[in-house]
Amino acid sequence: MNRQSSLARSVMPAGPRGMVQWRRLSACKRLLSPIAALLIWELVCRLGWIEPQLLPAPTAIAARMVELASAAEFWQHFGITLYRLVVGLVIAVALGVVLGLAAQLSRLGAAVLDALVRLLAPIPKIALYPAFILILGFENTSKIALIVADALFPVLMATWAASRSVDQKLIWSARAAGTSRAACLWKVTLPAIVPTVLAGVRVAGVIACVVVFLAEMIASTDGLGHMLTVAARAYRTLDMFVPLVWICALGLALNSLIGFIQRRVDHSG
Amino acid sequence: MSSAAKPMRWYHNPALAFLAAVLLVGVLWGVLSSVMNFSSFPGPITALKELPTIVLDPNAVWAIAQSVGRMFAGYAWALLFAIPLGLAMGRSQAMYDIFYPLVSLAYPMPKAALMPILMLWFGLGSFSKILVIAMGVSLPVLFHSYQGACRIEKKLVWTAQAMGMGPVKRLFRIVLPAALPEILIGCRVGVVMALIVMVSSEMIARQEGVGNLLFTSMDMAQYATVYAVILILAVMGFVLDWLFERVRRYLTHWAESSGGGSSLH
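About the cut-offs
Residues numbered from 1 in each chain as written. Chains lettered and ligands numbered in written order. Predicted model: local features only at pLDDT ≥ 70, side-chain atom pairs only at ≥ 80, totals over all residues. Heavy atoms only, no water. Helix = DSSP H or I, 4+ residues; strand = E, 2+ residues; numbered from the N terminus. Buried < 20%, exposed > 50% of the residue type's maximum accessible area, 1.4 Å probe, protein only. Contact = heavy atoms within 4.5 Å. Areas by Shrake-Rupley, 256 points an atom, 1.4 Å probe, with all protein chains shown as cover. Lys, Arg positive; Asp, Glu negative; His and termini not counted. Charge placed at Lys NZ, Arg CZ, Asp CG, Glu CD. Buried area = accessible area lost by both parts, 1.4 Å probe. Salt bridge = Lys/Arg side-chain N within 4 Å of Asp/Glu carboxyl O. Polar contact = N/O pair within 3.5 Å; in protein donor to acceptor, adjacent residues only side chain to side chain. Nonpolar A, V, L, I, M, F, W, Y, C, P; charged D, E, K, R; others polar. Phe/Tyr/Trp six-rings, centres within 6.5 Å; stacked < 30°, edge-to-face > 60°. Axes fitted to C-alpha atoms, helices over the stretch in contact; angles between N-to-C directions. Left-handed = near helix turned anticlockwise from the far one by under 90°. Core = buried A, V, L, I, M, F, W, Y, C linked by side-chain atoms within 4.5 Å. pLDDT = per-residue confidence, 0-100. Expected span 1.5 Å × (residues − 1). Bend = angle between axes of the 7 residues up to and from the residue. Parallel < 35°, antiparallel > 145°, perpendicular 65-115°, else oblique.

Asks: How should the overall build of chain A be read in this particular structure?
Replies: Helix and strand counts for chain A stand at 11 helices and 0 strands. Listing every helix and strand of chain A by position from the N terminus yields α-α-α-α-α-α-α-α-α-α-α. Its C-alpha atoms give chain A principal-axis dimensions of about 75 × 50 × 35 Å. Out of the 269 residues in chain A, the part that is buried amounts to 54%. Put simply, of all contacts in chain A between residues at least 6 apart along the chain, 75% involve residues at least 24 apart. When the accessible surface of chain A is split by element, carbon and sulfur atoms take 68% of a total near 12,400 Å². With 24 positive and 12 negative side-chain charges, chain A shows a separation of 16 Å between the mean positions of the two kinds.

Shown next as structure tokens:
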């Protein structure tokens, strides 16, 4: 159990309840230091202490973002990144939940899956990307495969840890009432573990955002990451910041969306 | 709980189960590669045979050694900054109010993607490569240091305060040791993160190191080398994680054996 929990932590730095928890701040306090940081950044640029070729001002980046957002080409890049992200994340979540639940059915399955996770979780998945490219090609498939490989583990670990800690009496009652073992997973375990699984999905979502961006930077012909690579080759500093801001925004949006669902589930359950 | 009466099977031995997992992955790899029969997808045996060529090639070994050196340099810098900051955030509301919003904004940022910008600022030398690793490692270490500092019993801090210890001395003499178990978990997560950021930033910058070795051998169609390097990185990730877990348990066995809540030792 001890090894289990430390393993779960290793995959989820800010994982489910009981792991790293932040105190909540009021919206006003939360905005204070980012606004101060932005003001200092703007001031430093306006006063000419740093060349705009090295660090463009926040307002310049914002203006450029608006400018690019009016071009159809930008939305194509944005769309393909979002597509890869969503497909990869959905596959990872489905696979993680199914594997995590299925391992509860047999003790051999649980032991083998545990060993597999211990073997594969600490491997840097990004190192597999060249292999995915060689096997699956340069297009979407290799990028989605990489996202799945990276986002799978937080979901799997959360599902597994949660379904092990479901109250046994609930399962015994359902079994005594004539429910099959597989149906128990579906009807008793799954509803009970949803909040914890969502915490895993939340971590997986941020990881997926990071990975899709890196994969697009390393080898791609489209997507937000590719935009950054193109801008870097041409030394267009301003254009380098735009995709970075977008991917951060995407990650934060996904994070708070899943956080919102999490709270809704918590209140209704 | 209820499994006490059930018989022990081979798969309940962690070492045997682990061996089975390694075999399973190897067999799966072999079967897939022989079914697909691509020249770009050799089997595990071919990749293993390629290993001595890499290990005996001074250029490849030098590339790997340089990467690992930068990885630990970045790791050390991250610990130096992130542990005190995390502890301070856990102990002081003002520090928390200032840094928590910034840290949570930086959380979804792909750190390795900053590589082109850092190279623009600090040049192509190893400084930007070390810095990007330090940035990647900082966040998990910061999370766990913060968490560790939050869990400290108030009485300990009060006692130290009553004995006239200043805030800085308290941080190092009271808070740091009490938060050590949690910090070490952060260190373990951080070392895996260091490896990830190292590989991905080298894949992006493509100048030298392991990440570059991967892609140059891919471009030159030396497919067996690609898979052999991946194997080396996989083993590195696993061994580092295992090693840090061993060290962590060795250093904090006092905390785990005495159970939670007793930080009075």
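Asks: Even after reading the chapter, I still don't get unusual backbone geometry, so can you show me in this structure?
Replies: Excluding glycine, residues mostly carry a negative phi; peptide bonds, for their part, are mostly trans. Unlike most non-glycine residues, Tyr235 of chain A shows phi in positive territory, near 55°. One can find Tyr235 of chain A in the loop between helix 10 (224–233) and helix 11 (237–268). The exposure class of Tyr235 of chain A is exposed, given its relative accessible area of 56%. Backbone geometry at Asn37 of chain B places phi at a positive 55°, although glycine is not the residue there.

Asks: Please clarify how the interface of chain A and chain B should be interpreted in this entry.
Replies: By a widely used convention, the size of an interface equals the accessible area lost when the partners come together. Residue-level contacts link 64 residues of chain A with 74 residues of chain B. Of the roughly 6,200 Å² buried between chain A and chain B on both sides combined, carbon and sulfur atoms contribute 75%. In this assembly, chain A and chain B are joined by 0 salt bridges. In this assembly, chain A and chain B are joined by 3 residue pairs in polar contact (both at pLDDT 80 or more). Among the elements of the structure, helix 1 (2–11), helix 2 (27–46), helix 5 (107–120), helix 6 (129–136), helix 9 (181–218), helix 10 and helix 11 of chain A are those that each provide at least two residues to the side of chain A that touches chain B. Here the side of chain A that touches chain B is built from residues that sort into 47 nonpolar, 10 polar and 7 charged.

Asks: How should I be thinking about the packing of aromatic side chains in this particular structure?
Replies: The geometry of two aromatic rings is summed up by the distance between their centres and the angle between their planes. Residues and elements named next belong to chain A. With the rule as written, the count across this model stands at 18 aromatic pairs over all chains. Ring geometry for Phe74 versus Trp75: centroids 5.0 Å apart, planes at 80°, classification edge-to-face. When its relative accessible area of 3% is taken as the criterion, Phe74 is described as buried. Taken together, the ring pairs in this structure connect Phe74, Trp75, Phe78 and Trp246 into an aromatic cluster.

Asks: Sorry, what's going on with the pattern of salt bridges here?
Replies: Pairing is possible between side chains that carry opposite charge, provided their charged atoms lie close to one another. Residue and element names in this part refer to chain A. Within this structure, the stated rule accounts for 13 salt bridges over all chains. Arg46 is the salt-bridge partner of Glu42, the closest N and O atoms lying 3.1 Å from each other. Residue Glu42 and its partner Arg46 are both found in helix 2; the two are separated by 4 residues, about one turn of the helix. With relative accessibility at 61%, the residue Arg46 sits in the exposed group.

Asks: Explanation requested: the packing of helix 9 of chain A against helix 8 (residues 167–205) of chain B in the structure shown.
Replies: Relative placement of two packed helices is described by the angle separating their axes and the distance separating the axes. Taken N-terminus to C-terminus, the directions of helix 9 of chain A and helix 8 of chain B make an angle of 35°; their axes are 8 Å apart at the nearest point. Seen along the crossing, helix 9 of chain A lies across helix 8 of chain B with a hand that is left-handed. Where helix 9 of chain A approaches helix 8 of chain B, its residues Leu214, Met217 and Ile218 of chain A are matched on the opposing element by Ser200, Met203 and Ile204 of chain B. Taken together, the residues of the contact of helix 9 of chain A with helix 8 of chain B break down into 5 nonpolar, 1 polar and no charged.

Asks: What should I look at first to understand the nonpolar core in this one?
Replies: In summary, soluble globular proteins display a tendency toward joint burial of nonpolar side chains. Counting 137 residues, the largest nonpolar core has Tyr227 and Leu233 of chain B as the members making the most contacts within it. With 21 residues, the single largest contributor to this core is helix 9 of chain A. Setting aside residues no more than four positions away along its own chain, Tyr227 of chain B makes contact with Ala131, Leu134 and Ile135 of chain A together with Trp29, Ser40, Phe41, Pro42 and Ala47 of chain B. If you look at the next biggest cluster of nonpolar residues, it comprises 9 residues, including Val117, Ala121, Phe153 and Trp160 of chain A.

Asks: Help me understand the environment of Ile83 of chain B, please; the structure alone is not making it clear to me.
Replies: All names here are of chain B. By the secondary structure assignment, Ile83 is in helix 3 (residues 58–91). Ile83 sits in the buried class, given a relative accessible area of 14%. Sequence separation of Ile83 and Arg246 is 163 residues, and the distance between their C-alpha atoms is 20 Å. Those residues in contact with Ile83, other than ones at most four positions away along the chain, are Ala78, Val141, Ser145, Leu176 and Ile183.

Asks: So what exactly am I meant to see when it comes to the confidence of the model for chain A here?
Replies: All names here are of chain A. Per-residue confidence for chain A gives a mean pLDDT of 85, with 91% of residues at or over 70. When pLDDT is averaged over each element of chain A, helix 4 (residues 72–102) comes out on top at 94 and helix 1 at the bottom at 39. Confidence over residues 1–19 falls short of pLDDT 50; this stretch has 52 contacts with residues more than four positions distant or in other chains.

Asks: Explain the side chain of Asp97 of chain B to me, please; I cannot follow it from the model alone.
Replies: Within the secondary structure, Asp97 of chain B is located in helix 4 (residues 93–106). Those residues in contact with Asp97 of chain B that lie beyond four places of it in its chain are Leu25, Lys29 and Ser33 of chain A.

Asks: Can you help me understand helix 8 of chain B in this one?
Replies: Residues spaced three or four apart along an α-helix face the same direction, because each turn holds 3.6 residues. All names here are of chain B. Under the 1.5 Å per step criterion, the end-to-end length of helix 8 is only 42 Å for 39 residues, more than 12% shorter than the ideal 57 Å. Its axis deflected by about 65° at Leu180, helix 8 carries its strongest bend there, up to four residues before the proline Pro181. For helix 8, the tally of buried residues reaches 28 of 39 residues, placing the bulk of the element in the interior. Arg206 occupies a position one or two residues after helix 8 and carries a positive phi of about 50°.

Asks: When you look at the packing of helix 5 (residues 115–122) of chain B against helix 6 (residues 126–150) of chain B in this model, what are you seeing that I'm missing?
Replies: All names here are of chain B. Viewed as axis vectors pointing N to C, helix 5 and helix 6 meet at an angle of 135°, and their least axial separation amounts to 9 Å. As the angle between them shows, helix 5 and helix 6 are arranged oblique. Regarding helix 5 and helix 6, the two cross each other, and that crossing is right-handed. Counted together, Met115, Leu118, Met119 and Phe122 of helix 5 and Phe127, Ser128, Lys129, Leu131, Val132 and Met135 of helix 6 form the full contact between these two elements. Broken down by class, the residue content of the contact of helix 5 with helix 6 amounts to 8 nonpolar, 1 polar and 1 charged.

Asks: How should the environment of Val211 of chain A be read in this particular structure?
Replies: Residue and element names in this part refer to chain A. For Val211, the location among the structural elements is in helix 9. Put simply, Val211 and Ile126 are 85 residues apart on the chain and 7.8 Å apart in space, counted from C-alpha to C-alpha. With residues up to four places along the chain from it excluded, the contact list for Val211 reads Leu146, Ile147 and Asp150.

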